[in-house]
Amino acid sequence: MSKVQVPTMAELMAEGKTPDVLFWVGCAGSFDQRAQKITKAFVKILNHFNINYAVLGGEEVCTGDPARRSGNEFIFQMMAAQNIATLNAYEVKRIVTACPHCFNTLKNEYPELGGKYEVLHHTQFLQKMIDEGKIKLEDGGAFKGKHITFHDSCYLGRANDEYQAPRSLIQIIDAELVEMKRSRENGMCCGAGGAQIFKEPEKGESEVHFDRADEALEKNPDVIAVSCPFCTLMLTDGVKNRNKEDQVKVLDIAELIAEAQDL
Amino acid sequence: MQYLVQALFLVVLGVAGFLFAKRIGFIRRNILLGQDDHPRNDRKSERFAQMALFALGQKKMFKRMGPAVLHFVVYVGFILINLELIEIVLDGALGKHRILAPVLGSFYPILISFLEVLAVGVFLACVVFLWRRNVSKVSRFHKREMKGWPMLDGNLILVFEIILVSALVLMNGADQALQFKGATHYVHTGGFLVSNYTFGFFASFDKDTLIIIERSLWWIHILGILFFLNYVTYSKHLHIMLAFPNSYYADLDKPKGQMENMPAIQKEVQMMLNPDAAGDSNDMPPPPERFGAKDVTDLSWKNLLDAYSCTECGRCTSACPQNMTGKLLSPRKIMMDTRDRVEELGKAKDKNGADHHDGKSLIGDYISSEELLACNTCNACVEECPVNINPLDIILKLRRHEIMDEAKSPNEWNVMFGNVENNMAPWQFSPDDRFKWADNIEIKEKG
């Protein structure tokens, strides 16, 4: 085992270097214990394949997505202004992130405010690296032949029309992709988006994440694959609700790849 | 007598046309009570292509094959059968009977037979639709917002269509019998495919009775259509017209995840963070009267066009994760409430002058906080709508008002706002710990 050093933009700048891509970690990936595992898995992949990347580290702040979606434009604009100032100061050209909410905000909402970057979701980035031959995944691995169902994140899928990249990656690790009855553009939300994860739900008959986890469990998968830290949290809870956490794992695509490559 | 009938026909046609034009003018004025957002008349060829695909081609309808095929039959039937309206209007106005028969010659019975086959299709499809609404009770037709008038409206439309196409076929049947009996004015057209089957029935009546039957059915058909034309403008069925402009003006390639920016707040925040760079404070635009939308007049005209285009099919609501799990939020209700509110406000303005405000608003009198707060912003409703309606855009504008003007955010959201502002993350973690995740990452050595 060797320790991974995660380079920051500040360090690289001090050395007069520029990374090829900035890895935008996001608040969930930075602070939430479950989501940190996704961040670490992605960093392992980046290191293993010698991708020239850096993170902002302590200089990153919330993109403002939960504030904007819940209706608080002031806080969104404050966060956006701060991030754009930081990103522009480092002359960032290209960003990759494992959070579809950060992805959507950086890609679609910052340009109008003066922050123009090429923004990729980590599944798109990995797909691209594979297509360009910069990453070569070894065949087989831990998920060979396993049944994996993929839950589309709303902010990667419907919001940004990316359905294929995560699916291609699942197929690359030789797993059998099983589609849920609602998938792709018809996919059902995990219940977190629109800042719902930060408050109690309104009164109803059931919870969104319970129902969505049930839809996934109907397919008897070995793994429920996701592409968003918030979906990971919500569906993990939904699987626990049915006491299936020992049989069915909820894993981000980055975790699947890292584990398949035995990193 | 003949001239009197002609005059009566023209009067009826004129009155129906006038009422229709007046009502359309009212709706147009109401839609224009909305604000301008961004240009929606640019890139015309792409917009026409979008309209051709979604309104004319019904692309989204075909996501649900069964209803799509039935709807397509009614849609094509409705448009083509109304071609016969040309002949009916000419006959009525000129005091003729089947004016096109001698013109089209042997093609005439083929054309009418084709329209009759479509009429049978429409009839059957409408029966199935009535069945789905009332017997098999497809759940999206029985949500909370469908009780009362909306349910009745849906059924009435189907019953009207059944009456209209039945009148057409029966009228042709009576006509055939009259032709056989050699009644004057009833030109020989040759047999029609469907109404031929009613020939035996009608042939049993005497000539005078048959003329009364045939004329009655002719009037039922044309009066029915003129009534329908006006009824539609008060009904959810208005989508047969507005689906076209609505898909023309819909966003072309804006990602669904992108929220509309608020330049006034952007500027204010820039001033606050960096007073020097943001320019002279005299350049500041005046602060808007309110943030987001409280009433329909704060929404965009496209939001209001959306509302009038909604046919209450409920695909949005059936795909809404919050509605599926029994919450109050229903994107269809948001659209219906918006339309009902702008109708109400429009009527109040007509009665009391353009500057009148009735003191009511969309939030509060129609839509509750509980509905607005529940939205996941997942875009399922936007994706579902066959005619490019965007309920989410309205929800988010109303939410902005709730949070920024009324400060009606739930306490957990206030905590989240505070965390984002002070800790730079939605949770209460120290910003100093943001990079701690990187402290202990170990990777296996590879040979």
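Residues numbered from 1 in each chain as written. Chains lettered and ligands numbered in written order. Predicted model: local features only at pLDDT ≥ 70, side-chain atom pairs only at ≥ 80, totals over all residues. Heavy atoms only, no water.

**Q** Can you walk me through the nonpolar core in this structure?
**A** Side chains of nonpolar character tend, in soluble globular proteins, to be buried together. In this structure, L87 and I95 of chain A are the most contacted members of the largest nonpolar core, which totals 64 residues. Among the elements that take part in this core, helix α5 (residues 73-89) of chain A stands out by supplying seven residues, more than any other. Apart from the residues within four sequence positions on either side, I95 of chain A is in contact with V21, L22, W24, L87, L106, Y117, E118, V119 and L120 of chain A. The next biggest cluster of nonpolar side chains, apart from the first, holds 49 residues, and it includes I27, V296, L299 and C375 of chain B. (Core = buried A, V, L, I, M, F, W, Y, C linked by side-chain atoms within 4.5 Å. Buried < 20%, exposed > 50% of the residue type's maximum accessible area, 1.4 Å probe, protein only. Helix = DSSP H or I, 4+ residues; strand = E, 2+ residues; numbered from the N terminus. Contact = heavy atoms within 4.5 Å.)

**Q** What exactly am I supposed to notice about the side chain of N388 of chain B here?
**A** Along the chain, N388 of chain B falls in the loop between α18 (380-384) and α19 (391-405). Once residues within four sequence positions are removed from consideration, N388 of chain B is found in contact with Q50, F54, N246, S247, A250, K302 and D306 of chain B.

**Q** Looking at this structure, how should I read unusual backbone geometry?
**A** Leaving glycine aside, a negative phi is the common case for residues, and trans is the common case for peptide bonds. Residues and elements named next belong to chain B. Positive phi is not limited to glycine here, since K137 has a value of about 50°. Tracing the sequence through the fold places K137 in the loop between α6 (107-134) and α7 (149-180). Given the relative accessible area of 49%, K137 is considered partly exposed. One non-glycine residue, N388, lies in positive phi territory at about 60°.

**Q** Help me understand the packing of aromatic side chains, please; the structure alone is not making it clear to me.
**A** Within a pair of aromatic rings, the relevant descriptors are the distance that separates the centres and the angle that separates the planes. Throughout the structure, instances matching the rule amount to 28 aromatic pairs over all chains. Measuring from ring centre to ring centre gives 6.2 Å for W149 of chain B and Y231 of chain B, while their planes differ by 65°; the resulting arrangement is edge-to-face. Of this pair, W149 of chain B sits in helix α7 while Y231 of chain B is found in helix α9 (residues 207-232), placing the two residues 82 residues apart along the sequence. Residue class for W149 of chain B comes out partly exposed when judged on its relative accessible area of 42%. Exposure remark for Y231 of chain B: the relative accessible area of 10% places this residue in the buried category. Relative to F228 of chain B, the ring of F160 of chain B has its centre 6.4 Å away and its plane inclined at 85°; by these criteria the two rings are edge-to-face. Placement of the pair is F160 of chain B in helix α7 and F228 of chain B in helix α9, with a sequence separation of 68 residues. We classify F160 of chain B as buried; its relative accessible area is 19%. Residue F228 of chain B is classed as buried on the basis of its relative accessible area, which comes to 4%. Between K199 of chain A and the ring centre of W413 of chain B, over which it is positioned, the NZ or CZ distance is 5.6 Å. In this arrangement the basic side chain of R133 of chain B is found over the ring face of F141 of chain B, its NZ or CZ atom lying 4.4 Å from the centre. (Phe/Tyr/Trp six-rings, centres within 6.5 Å; stacked < 30°, edge-to-face > 60°. Lys NZ or Arg CZ within 6 Å of the ring centre and 35° of its normal.)

**Q** Can you walk me through the domain arrangement of chain B in this structure?
**A** Residues and elements named next belong to chain B. Domain assignment breaks chain B into domain 1 (2-31 + 64-249) and domain 2 (290-409). In this structure, domain 1 and domain 2 have C-alpha centres spaced 34 Å apart. With 25 residues of domain 1 in contact, the opposing surface of domain 2 contributes 33 residues. Buried surface at the junction of domain 1 and domain 2, summed over both partners, amounts to about 2,600 Å²; 53% is from carbon and sulfur atoms. When the buried area of domain 1 at its contact with domain 2 is split by residue, I31, E145 and N246 rank highest and sum to 25% of it. (Domains from an automatic or database assignment. Buried area = accessible area lost by both parts, 1.4 Å probe.)

**Q** Help me understand the interface of chain B and chain A in this model?
**A** Accessible area lost during the coming together of the parts is what is often quoted as the interface size. Each partner contributes residues to the interface: chain B has 65 residues there, and chain A has 77 residues. Roughly 6,500 Å² of surface becomes buried between chain B and chain A when both sides are summed, with 64% attributable to carbon and sulfur atoms. Area buried by chain B at its contact with chain A is led by R434, W437 and I443 of chain B, which between them contribute 13% of it. The interface formed by chain B and chain A contains four salt bridges. One salt bridge in this structure joins K444 of chain B and D262 of chain A, with 2.6 Å as the shortest N-O distance. The interface formed by chain B and chain A includes 32 residue pairs in polar contact (both at pLDDT 80 or more). Those elements that provide at least two residues to the side of chain B that touches chain A are α11 (263-273), α14 (321-324), α17 (369-373), α18, α19, α20 (411-423) and β1 (442-443) of chain B. (Salt bridge = Lys/Arg side-chain N within 4 Å of Asp/Glu carboxyl O. Polar contact = N/O pair within 3.5 Å; in protein donor to acceptor, adjacent residues only side chain to side chain.)

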